[in-house]
Amino acid sequence: MSVLDVIEVKVADEVFIATALLHRENPKRSDFLIGEIVARAAVEDLAGELRAGVRVHASLHCVANRAPNPGKYAMLFETGKNRRRLLLASDPVHPERTGKVFPDPGDVPERYHELIDWARHRYGTEEPKSRPVQWLSGVFEMFGLGKNLWSDEDPDEYIRKQREGWD
């Protein structure tokens, strides 16, 4: 690592870089085990040592289709138990995941700028805020549906009618 590359890289960006490198190095694979992402981050050694937060970020904080806990990044997508890949522009994102999808190039060493450009081109450029909320969207569309159906009906009178003949 050169003196010019000394940048304090955020753990989320480190997880993104490790995952993007795995994708580029293994183009036939669609996803990776969390342990593989952590191991790739250790090889890259962006912080001088493997930080404990790398596993937590790959498991929870960066996963777009999980509820924030508490991280709101949307960099990875959970494809199965302990399996992750980079988020695709078409993937559903939890509505509370409003954080970044790609690292800001100014926050990572210059040698990764091309990798971020590659990932943007391959996986999409949309941020979660700019795409429609797909998580539970059908439920939200039903909000208020049929609210006028019972507007003329007294609730107590309706129940009395329903209970007639019960014995």
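Since we're looking at a predicted model, the values are computed, not measured.

A word on the overall build of the protein
Here is step 1 of the chain: Along the backbone of the protein there are six helices and three strands.
Here is step 2 of the chain: Seen in sequence order, the protein has helices and strands lined up from the N terminus as α-β-α-α-β-β-α-α-α.
Here is step 3 of the chain: Every one of the 167 residues in the protein was classed for burial, and the buried ones make up 37%.
Here is step 4 of the chain: Restricting to contacts in the protein with at least 6 residues of sequence separation, those with at least 24 account for 63%.
Here is step 5 of the chain: Of the roughly 10200 Å² of accessible surface on the protein, a fraction of 54% belongs to carbon and sulfur atoms.

So, the sheet that holds strand β3 (residues 83-86)
Hydrogen bonds between backbone atoms are what pair the strands of a sheet, whose relative direction is either parallel or antiparallel.
Here is step 1 of the chain: Taken in spatial order, the three strands of this open sheet run β1-β3-β2, and their pairing is antiparallel. Looking at which strands have only one partner, the edges of the open sheet turn out to be β1 (32-33) and β2 (76-80).
Here is step 2 of the chain: Here two bridges tie β1 to β3, and the two strands are oriented antiparallel to one another. Paired with leucine 33 across the two strands is arginine 83, which belongs to β3.

Observations regarding the side chain of aspartate 13
Here is step 1 of the chain: Inspection of the secondary structure assignment puts aspartate 13 in helix α1 (residues 11-25).
Here is step 2 of the chain: Setting aside chain neighbours within four positions, we find aspartate 13 in contact with Met75, Lys100, Pro103, Asp107 and Val108.

A few points about the confidence of the model for the protein
Here is step 1 of the chain: Residues of the protein with pLDDT of at least 70 account for 86%, and the chain-wide mean is 87.
Here is step 2 of the chain: Below a pLDDT of 50 lies the segment residues 1-5, which in the model reaches six contacts outside its immediate sequence neighbourhood of four places, other chains included.

Examining the nonpolar core
Here is step 1 of the chain: Ranked by internal contacts, the top residues of the largest apolar core, which has 35 residues, are Phe16, Ile17, Ile37, Leu76, Leu86, Leu87 and Tyr112.
Here is step 2 of the chain: Secondary structure elements with two or more residues in this core: α1, α2 (34-44), α3 (53-61), β2 and α4 (113-123).
Here is step 3 of the chain: Sort the elements by how many residues they give to this core and α1 lands first, with nine residues.

Examining the pairing of β2
Here is step 1 of the chain: Note that β2 and β3 share four bridges and pair antiparallel. Each bridged residue has a counterpart across the sheet, and for glutamate 78 the counterpart in β3 is arginine 84.
Here is step 2 of the chain: A loop of two residues connects β2 with β3, the two strands running antiparallel in sequence, and asparagine 82 in this loop sits at a positive phi of about 60 degrees.

With respect to α1
Here is step 1 of the chain: When the terminal C-alpha atoms of α1 are compared, their 21 Å separation across 15 residues agrees well with the 21 Å that a helix rising 1.5 Å per residue should span.
Here is step 2 of the chain: For α1, the tally of buried residues reaches 13 of 15 residues, placing the bulk of the element in the interior.

Let's talk about the pattern of salt bridges
Here is step 1 of the chain: Enumeration over the complete set of coordinates arrives at 13 salt bridges.
Here is step 2 of the chain: One salt bridge in this structure joins glutamate 36 and arginine 29, with 2.9 Å as the shortest N-O distance.
Here is step 3 of the chain: Residue glutamate 36 is classed as partly exposed on the basis of its relative accessible area of 25%.
Here is step 4 of the chain: Measuring nitrogen to oxygen at the nearest pair gives 3.8 Å for the salt bridge that ties glutamate 153 to lysine 161.
Here is step 5 of the chain: We classify glutamate 153 as partly exposed; its relative accessible area is 28%.

Things to note about the packing of aromatic side chains
Think of a pair of aromatic rings as described by two things: how far the centres are apart, and how the planes are tilted against each other in angle.
Here is step 1 of the chain: The final tally for this structure, using the stated rule, is two aromatic pairs.
Here is step 2 of the chain: With centroids separated by 5.7 Å and ring planes inclined at 75 degrees, the aromatic side chains of phenylalanine 16 and phenylalanine 102 adopt a geometry described as edge-to-face. Of this pair, phenylalanine 16 sits in helix α1 while phenylalanine 102 is found in the loop between β3 and α4, placing the two residues 86 residues apart along the sequence. In terms of burial, phenylalanine 16 and phenylalanine 102 fall into one category: buried.
Here is step 3 of the chain: Seen in terms of ring centroids, tryptophan 118 and tyrosine 123 are 6.1 Å apart; in terms of plane orientation they differ by 70 degrees. Their pairing is edge-to-face.
Here is step 4 of the chain: Residue class for tryptophan 118 comes out partly exposed when judged on its relative accessible area of 22%.
Here is step 5 of the chain: Sitting over the ring of tryptophan 118, arginine 24 keeps its end group 5.7 Å from the ring centre.

Criteria and cut-off values
- Residue numbering note: each chain is counted from 1, following its sequence as written.
- Per-residue local features of the predicted model are confined to residues with pLDDT of at least 70, and side-chain atom pairs are confined, for both listing and counting, to 80 or more; whole-chain, interface and lining totals are unaffected and use all residues.
- In computing side-chain properties, one takes all heavy atoms of the structure into account and sets aside hydrogens as well as water.
- The way it works is that DSSP assigns letters per residue, a run of H or I at least four long becomes a helix, a run of E at least two long becomes a strand, and they are numbered from the N terminus.
- Throughout this description, buried means an accessible area under 20% of the type-specific maximum (1.4 Å probe, protein chains only), exposed means over 50%, and partly exposed covers the range between.
- The criterion used for residue contact is that any of the two residues' heavy atoms lie within 4.5 Å.
- Accessible surface area values rest on a Shrake-Rupley calculation with a 1.4 Å probe, where residue burial reflects the displayed protein chains alone.
- Two strands are said to pair when DSSP picks up at least two bridges between them.
- pLDDT is a residue-level measure of predictor confidence that goes from 0 to 100.
- Here, the term nonpolar core denotes a set of buried Ala, Val, Leu, Ile, Met, Phe, Trp, Tyr and Cys residues that are joined through side-chain atoms within 4.5 Å.
- Multiplying 1.5 Å by the helix residue count minus one yields the expected span of that helix.
- Here, a salt bridge means any Lys or Arg side-chain nitrogen found within 4 Å of an Asp or Glu carboxyl oxygen.
- The rule is short: rings of Phe, Tyr and Trp, with Trp giving its six-membered ring, pair when the centres are within 6.5 Å, and they are stacked under 30 degrees, edge-to-face over 60, tilted in between.
- Note on criteria: charge over ring means Lys NZ or Arg CZ within 6 Å of the ring centre, with the direction from the centre no more than 35 degrees off the ring normal.

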